[in-house]
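# Descriptive structure summary
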Amino acid sequence: MPTLCIAVHDEMLAAALAVPKIRRPLNPEEVLQTRALRYQRGNAPYPAWYLFGCRRKGVAGLVDGYARQASVFLLPESLLTADVTADYLDVQFCTLSRSLLSKFKSRGIKIFGYLPEEFASKAFLAAALADNGGKHFLPLQRTYGKDSSPDLPPGEQSVWIVKSPYGAAGNNSDGTPYTVWQKAVLEENLPSLLAALNKEDKLICSEFVITADPYAHHADHVVHKMPFVADGQAAVPYGRCCQRFIYRCNWQALAERGSLPLGEFIGTPEITTGDISRIDAFPDFVEKLSFQRGRLMLSVDFIIPPDGRPRYLETNKLAATFAEQFDPLLPPLIDYYARLPLNN
């Protein structure tokens, strides 16, 4: 039987195993024993659902799908070195350098779940979309360095969001929150924000997209999170249902203070599902995202302002959506992905 290694970011694997730290591989027997145990626990975190499934949620998980086709072992990312022995390697839940990728491929190991490291950068993703003919799907934005001219892009936008190229869940790479600014206040403060950057740091100023969403009681900021999947080709939407985060912003507080942390401005969302078939421009949007290729799962975040054209925010290879079942006609994405034939 072929062997398959699932490499997982150390902290993520520790969370899935409910241990403080993990410093060793789990052999196939241990993996199956752990899967049987963790599958029963309905209150486990997302990493456990991804790897071991959850009976209460109706998700089988990555281990179950792969174990039907191969002998599966788990490996912390910190132990992922060139001498790892396996027929297949899944790196959906960790980062793999180009140098290691090349070494594994030279040994005939088939790789799943890989994206180049630069895909973690919002600035890179925006440039890739623009280069692929999708500039009209981007919010008005600009990436700055320490020595950039402190001028906002021209336009009538009155509210801006400031963030680092790397970050997630509304936080920058250093853990500080994204911030939302009134235009005049940001123009006054942008020179000092750039001066505070280190030489190698970048900062993104992007228009804060206002929605007036007719499918969300005209809420003023609705973020859509759509699962995508690829089987060696360009990633495509998985089904037609997405997750919607519906926010109603605190405009009074922003007017009084001039700037706010993102979470304080948008508040706690109402989370529902949505239907992408209602979005006329969505097929073109997907085609312009065709630079995202491989055998992997993705979650694409976008917003739809009143003109009906999606505005792309970012892509996540690690997103808290893969174990969810949005489309009642389809299994959770993690189960579909794990059951793809290994030799495709």
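Scoring rules and cut-offs
- Residues numbered from 1 in each chain as written.
- Predicted model: local features only at pLDDT ≥ 70, side-chain atom pairs only at ≥ 80, totals over all residues.
- Heavy atoms only, no water.
- Helix = DSSP H or I, 4+ residues; strand = E, 2+ residues; numbered from the N terminus.
- Buried < 20%, exposed > 50% of the residue type's maximum accessible area, 1.4 Å probe, protein only.
- Polar contact = N/O pair within 3.5 Å; in protein donor to acceptor, adjacent residues only side chain to side chain.
- Pairing = 2+ DSSP bridges.
- Axes fitted to C-alpha atoms, helices over the stretch in contact; angles between N-to-C directions.
- Phe/Tyr/Trp six-rings, centres within 6.5 Å; stacked < 30°, edge-to-face > 60°.

Here we come to the environment of Ser277. When you line up the elements, Ser277 lands in the loop between β15 (270–275) and α10 (282–288). The class for Ser277 is partly exposed, based on a relative accessible area of 48%. With 38 residues separating them along the chain, Ser277 and Gly239 place their C-alpha atoms 9.9 Å apart. Polar side-chain contacts of Ser277 include one of 2.6 Å to the side chain of Asp275.

One open sheet accounts for four strands, arranged β2-β1-β3-β4; its pairing is parallel. Because the sheet does not close on itself, it has two edges, and the strands there are β2 (71–76) and β4 (110–112). Neighbour-to-neighbour, the strand axes of the sheet open up by a mean angle of 20 degrees, direction not taken into account. Inspection of the sheet shows strand β1 (residues 3–8) paired to β2 by six bridges, in the parallel sense. Counterpart to Ala7 in the pairing with β2 is Leu75.

Taken together, five strands build an open sheet; the order of strands is β5-β10-β6-β9-β14 and the sheet is antiparallel. This sheet does not close on itself; its edge strands, each paired only once, are β5 (141–144) and β14 (259–261). Adjacent strand axes in the sheet meet at a mean angle of 20 degrees when their direction is disregarded. Judged from the four bridges that link them, strand β6 (residues 159–163) and strand β10 (residues 203–207) form a sheet pairing that is antiparallel. In the strand pairing of β10, Ile161 is matched with Ser206.

Bringing the packing of aromatic side chains into the picture now. All chains considered together, the criterion is met by 18 aromatic pairs. For the ring pair Tyr46 and Tyr50, a centre distance of 5.8 Å and an interplane angle of 45 degrees mean the geometry is tilted. One end of the pair is Tyr46 and the other is Tyr50, both in helix α3 (residues 46–52) and four residues apart, which spans about a single turn. Of the residues examined, Tyr50 reaches a relative accessible area of 3% and is grouped as buried. Considering the side-chain rings of Phe282 and Phe302, the 5.5 Å spacing of their centres and the 50 degrees angle between planes classify their relative orientation as tilted. Placement of Phe282 in helix α10 and of Phe302 in strand β16 (residues 293–303) is noted, with a sequence separation of 20 residues between them.

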